[in-house]
Amino acid sequence: MKTYRVLIVDDEALTRRAIRRLLSSERDMEVIGECEDGEHALETVRTGSVDVLFLDVRMPRKDGFQVLEELASGSLPLVVFVTAYQEFAVRAFEFNSIDYLLKPFDRTRFQRTLARIRERLQTERQAEESASVKEILRYLRSGARSSLCIPVKQRRKVLLIRQETIDWIEAADNYMILHCAKHEHMIRKTMRELEGILDQGRFARIHRSMLVNVDRIESFEPNPEGDYTVMLNTGRQLTLSRNYRDRVFGLLVRK
């Protein structure tokens, strides 16, 4: 069974608990977190993989509309607005939200919302799978196989991330985050799985939860503890653990 990741955003703890309780018996809905303001919601959606967003309108720091305006369109999850104010409905649907829940709502009304969510997710999943196959075939037929890529699945497409464009990689629970210049891409793989498909002449483990593209390394600075501060040519500073030092230095010497 496909499980969808849900984020609940509301400044009222009572509403957050009510939504979590209603979702607790839904086997295909996994609540990955709660946020009580727009700033926290923005950060969580950007750094995590969220399929469904239950979003309040009026909140401290950033309201629900500001959150959506600052998110890139390609990374938007399905949005259900949850609010006590009916006057925001028209603007809510301008953001292509799938539903507009007026507080207070009961289980029957909530189930109608879930039905809409499942129908839309199923439709998007089928379209996504079709688009993914076509995009991968186009890539393979282009003759560009010499440039090794990592496929990153998004809502409506599959991005092919060229390995040479990756600066560094870090582990985050069951995911790996690819840092590419100003962009970040999250894939559901373990460190061991990702190491198995990376170019071993280009990437080296510098920490138990971190890999680096050695072509990006500009300098090293030894620390009193025996580790090194690694400066990348992007300006990013990382830590090289002493346990992985020889592997990194060996790669650099061979280059």
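The notes below deal with the structure included here. (Residues numbered from 1 in each chain as written. Predicted model: local features only at pLDDT ≥ 70, side-chain atom pairs only at ≥ 80, totals over all residues. Heavy atoms only, no water.)

## A word on the environment of Asp37
Along the chain, Asp37 turns up in the loop between strand E2 (29-35) and helix H2 (38-47). When the C-alpha positions of Asp37 and Val9 are compared, they lie 6.9 Å apart, and in sequence the two are 28 residues distant. In this structure the side chain of Asp37 is engaged in a polar contact, spanning 3.1 Å, whose partner is the backbone nitrogen of Glu39. A polar contact of 2.8 Å, which involves the side chain of Asp37, links it to the backbone nitrogen of His40. (Helix = DSSP H or I, 4+ residues; strand = E, 2+ residues; numbered from the N terminus. Polar contact = N/O pair within 3.5 Å; in protein donor to acceptor, adjacent residues only side chain to side chain.)

## Describing unusual backbone geometry
Between Lys103 and Pro104 the backbone carries a cis peptide bond, its omega angle lying at -10 degrees. Inspection of the secondary structure assignment puts Pro104 in the loop between strand E5 (99-102) and helix H5 (107-141).

## Observations regarding helix H1 (residues 13-23)
All of the buried residues in H1 are Thr15, Arg16, Ala18, Ile19, Leu22 and Leu23. Projection of H1 onto a plane perpendicular to its axis shows the buried side chains occupying an angular sector of 160 degrees, all on one side. Residues Leu14 and Arg21 are exposed on H1 and point more than 90 degrees away from its buried face. (Buried < 20%, exposed > 50% of the residue type's maximum accessible area, 1.4 Å probe, protein only. Arc of directions from axis to C-beta.)

## Some points on the side chain of Asp167
On the secondary structure map, Asp167 appears in the loop between strand E7 (158-162) and strand E8 (168-172). Accessibility expressed as a relative area gives 6% for Asp167, which makes it buried. In contact with Asp167, not counting residues within four places along its chain, are His179, Cys180, Ala181, Val212, Asn213, Arg216, Leu232 and Thr234. (Contact = heavy atoms within 4.5 Å.)

## Some points on the environment of Leu68
Residue placement: Leu68 occurs in helix H3 (residues 64-70). Note on Leu68: relative accessible area 4%, which makes it buried. If we ignore the near neighbours within four places in the chain, the residues touching Leu68 are Leu53, Leu55, Leu76, Val79, Phe81 and Phe95.

Keep in mind these values describe shape, not function.
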